[in-house]
Amino acid sequence: MTSARRGWLVPAGLVLLSVVPMIAGAARVAELTGGAPVTPGNARFFASPAPVLVHIASVAVYCLVGAFQFAPGLRRRRLGLHRAAGRLLVPFGLAAALSGLWMTAFYPRPPTDDVLVTGFRFVFGAAMVACLVLGFAAIRRRDVARHRAWMARGYAIGLGAGTQVLTHLPWVLAGGLPSGTVRALLMLAGWVINLVVVEWALRRHASAIGRSRRPGLVDHPIPG
């Protein structure tokens, strides 16, 4: 496989990870706009549909467009496109995080959600906002390394719903949906897994740059 093709593996994987929550979001939009019956499970969305519609639309744009920011070739050869996408991603990412925080604060908590889920959503929603603000501030200072790190962390949090599908999958395959503390821990696992992967990738990238700059070593191309 050529290096150019390898460079698209990560964006392709991120798009795939986004597919299931995006399908769920599309189903929710269809439910709200198609005259579906109101049930205890969706009553909160019918009572106040604007926040969930904003959340679904902004998450879709953020996850899909954001995936291609991880393509090394795009950053190197199409820097203008990378920057234009970044200007789009910051407001959409903030809309996704802030609408999520609003829903957590003001929607009634579903019966399947433990109070821990509410706490986790507040923590990671606020963390996503902070990552995006810090990433934007870093690029304004032309600190590219910190900009990439903070934006990658924000994206990892935003893509938590995709990984949470995978953490819930064993329980679903076993014939039921987790609830209470178990569900809270599975939700937490989705965010933590994404952040651990990002921190590993950031350290690996920094280590590769350090090795390439040592005297007497041959430089190797570093993505980004």
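Our subject is the structure listed above.
Remember, it's a predicted structure, so these values are computed and weren't measured experimentally.

A. Examining the packing of aromatic side chains more closely. Here the structure, examined in full by the defined rule, presents seven aromatic pairs. Aromatic side chains Phe-45 and Tyr-107 sit 5.5 Å apart centroid to centroid with 80° between the ring planes, which places their arrangement in the edge-to-face category. Of this pair, Phe-45 sits in helix 3 (residues 43-47) while Tyr-107 is found in the loop between helix 6 (79-106) and helix 7 (115-140), placing the two residues 62 residues apart along the sequence. Neither Phe-45 nor Tyr-107 differs from the other in exposure class; each is buried. Aromatic side chains Phe-124 and Trp-191 sit 4.6 Å apart centroid to centroid with 15° between the ring planes, which places their arrangement in the stacked category. In this pair, Phe-124 is assigned in helix 7 and Trp-191 in helix 10 (residues 180-212), connecting sequence segments 67 residues apart. In terms of burial, Phe-124 and Trp-191 fall into one category: buried. These aromatic residues form a ring-pair network of at least three members: Phe-45, Trp-102, Phe-106 and Tyr-107. One residue, Arg-153, lies across the ring of Trp-150, its end atom 4.7 Å from the ring centre.

B. Structural context of a nonpolar patch on the surface. On the surface, Leu-166, Leu-169, Val-172, Leu-173 and Leu-177 cluster together into a nonpolar patch covering about 530 Å² of accessible area. Counting through the fold element by element, Leu-177 comes out in the loop between helix 9 (160-173) and helix 10.

C. Representation of helix 9. Across its 14 residues, helix 9 extends 20 Å between first and last C-alpha, which sits within 8% of the 20 Å expected from 1.5 Å per residue. Downstream of helix 9 by one or two residues, Gly-175 has phi in the positive range, about 110°.

D. Molecular detail of the side chain of Thr-104. As for its placement among the helices and strands, Thr-104 is situated in helix 6. Since its relative accessible area comes to 17%, Thr-104 is described here as buried. Of note is the side chain of Thr-104, whose polar atom sits 2.8 Å from the backbone oxygen of Gly-100. In contact with Thr-104, other than residues within four places in its own chain, are Thr-118, Arg-121 and Phe-122.

E. Region of the structure containing the pattern of salt bridges. The final tally for this structure, using the stated rule, is six salt bridges. A salt bridge links Arg-183 to Asp-113; its shortest N-O distance comes to 2.5 Å. A residue pair is termed long-range when its members are at least 10 positions apart, and Arg-183 in helix 10 and Asp-113 in the loop between helix 6 and helix 7 qualify at 70 residues. Both residues of the pair, Arg-183 and Asp-113, belong to the buried class. Each of the salt bridges in this network shares a partner with another, and the network as a whole consists of Asp-113, Arg-121 and Arg-183.

Rules behind the numbers
Residues numbered from 1 in each chain as written. Predicted model: local features only at pLDDT ≥ 70, side-chain atom pairs only at ≥ 80, totals over all residues. Heavy atoms only, no water. Phe/Tyr/Trp six-rings, centres within 6.5 Å; stacked < 30°, edge-to-face > 60°. Helix = DSSP H or I, 4+ residues; strand = E, 2+ residues; numbered from the N terminus. Buried < 20%, exposed > 50% of the residue type's maximum accessible area, 1.4 Å probe, protein only. Lys NZ or Arg CZ within 6 Å of the ring centre and 35° of its normal. Patch = residues over 30% accessible without salt bridge, like charges linked within 9 Å, V, L, I, M, F, W, Y side chains within 5 Å. Areas by Shrake-Rupley, 256 points an atom, 1.4 Å probe, with all protein chains shown as cover. Salt bridge = Lys/Arg side-chain N within 4 Å of Asp/Glu carboxyl O. Expected span 1.5 Å × (residues − 1). Polar contact = N/O pair within 3.5 Å; in protein donor to acceptor, adjacent residues only side chain to side chain. Contact = heavy atoms within 4.5 Å.

All quantities given are derived from atomic positions and should not be read as evidence of function.
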